[in-house]
Amino acid sequence: MSKKKKTTEIPQEKIKTGRRPAYKKEIGVYICEHLMRGRSLTSILKDKGMPTMPTVYAWLNKNSKTYEPDFLEAYVMAREIQAEVLADEIKDIADDGSNDTYKVYNEKTKKLETKTDIDHIKRSQLRVESRKWLAAHLLPRKYSDKMQITGSEGKPLIPQVPTNITFNFVKKEKKDE
């Protein structure tokens, strides 16, 4: 007997072709406002009327024909605020222990017992770690674990002083034999 191979069809999304839509300030403001609330760019772009990811990145790309400097400035600020929001959420998640335990009636002892919900605790831990990672990468100068020693405004701690070094080469004298 021959077995038929099962193939699963991958649904093909319609790829939009043609010119990228022009930048609209209302769309840029919408994207930045939602970023500042902690939403991811991918989830924002799933909303109705939003452009595609390549379109948004073209607006942010200085080498693109559709580059928008005002949008880039607002986007960078929105990402910095997003890092602050994520840091605030870390404290809220860590302090919330409301679902860490639950009550179960024990038939043998005829008493109500408190059990620890390990899954909920692990999920909260994952949420905290994810936000820490994102905050550290969105705003590394503030939330990164790496210690960087610099002077004010990121300048070198020890200023570079131009120096000239002169080498004087002396010929080796030959010994007479």
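See the structure shown above.
Residues numbered from 1 in each chain as written. Predicted model: local features only at pLDDT ≥ 70, side-chain atom pairs only at ≥ 80, totals over all residues. Heavy atoms only, no water.

## Section: the overall build of the protein chain
If you tally the helices and strands in the protein chain, you get six helices and two strands. When the helices and strands of the protein chain are listed from N to C terminus, the series reads α-α-α-α-β-β-α-α. Scored against the burial criterion, the 177 residues of the protein chain give a buried share of 19%. For the protein chain, restricting intrachain contacts to residue pairs at least 6 apart in sequence, the fraction spanning at least 24 positions comes to 45%. Roughly 16,100 Å² of accessible area belongs to the protein chain as shown, and the carbon and sulfur atoms make up 53% of that amount. (Helix = DSSP H or I, 4+ residues; strand = E, 2+ residues; numbered from the N terminus. Buried < 20%, exposed > 50% of the residue type's maximum accessible area, 1.4 Å probe, protein only. Contact = heavy atoms within 4.5 Å. Areas by Shrake-Rupley, 256 points an atom, 1.4 Å probe, with all protein chains shown as cover.)

## Considering the pairing of strand β1 (residues 101-106)
As paired elements, β1 and strand β2 (residues 111-116) share six bridges and run antiparallel to each other. Across the sheet, the residue bridging to Tyr 105 is Leu 112, located in β2. Following β1, the chain reverses through four residues before pairing antiparallel with β2; Lys 110 in that reversal takes a positive phi of roughly 60°. (Pairing = 2+ DSSP bridges.)

## Points about the pattern of salt bridges
For the structure shown, the criterion picks out seven salt bridges. Here Arg 39 and Asp 47 are joined by a salt bridge, their closest N and O atoms 3.0 Å apart. Under the relative-accessibility criterion, Arg 39 is labelled partly exposed at 25%. Between Asp 95 and Lys 91 there is a salt bridge whose closest N-O contact spans 2.5 Å. Pair noted here: Asp 95 and Lys 91 are both in helix α4 (residues 69-95), with a separation of four residues, about one helical turn. Judged on exposure class, the residue Asp 95 and its partner Lys 91 are both exposed. (Salt bridge = Lys/Arg side-chain N within 4 Å of Asp/Glu carboxyl O.)

## A few points about the packing of aromatic side chains
How two aromatic rings sit relative to each other is given by the distance of their centres and the angle of their planes. Using the criterion set out here, one finds four aromatic pairs in the structure. A ring pair is formed by Tyr 23 and Trp 59, whose centres lie 5.0 Å apart and whose planes are at 85°; its orientation type is edge-to-face. On the criterion of sequence distance, the pair formed by Tyr 23 in the segment before α1 (25-36) and Trp 59 in helix α3 (residues 53-60) is long-range, its members being 36 residues apart. A relative accessible area of 1% places Trp 59 in the buried class. Note on Trp 59 and Phe 71: the rings are 5.7 Å apart at their centroids and 90° apart in plane angle, and the pair reads as edge-to-face. Residue Trp 59 is found in helix α3, and its partner Phe 71 is found in helix α4; the two are separated by twelve residues along the sequence. Like Phe 71, Trp 59 is buried. Members of the aromatic cluster, joined through ring pairs, are Tyr 23, Trp 59, Phe 71 and Tyr 75. (Phe/Tyr/Trp six-rings, centres within 6.5 Å; stacked < 30°, edge-to-face > 60°.)

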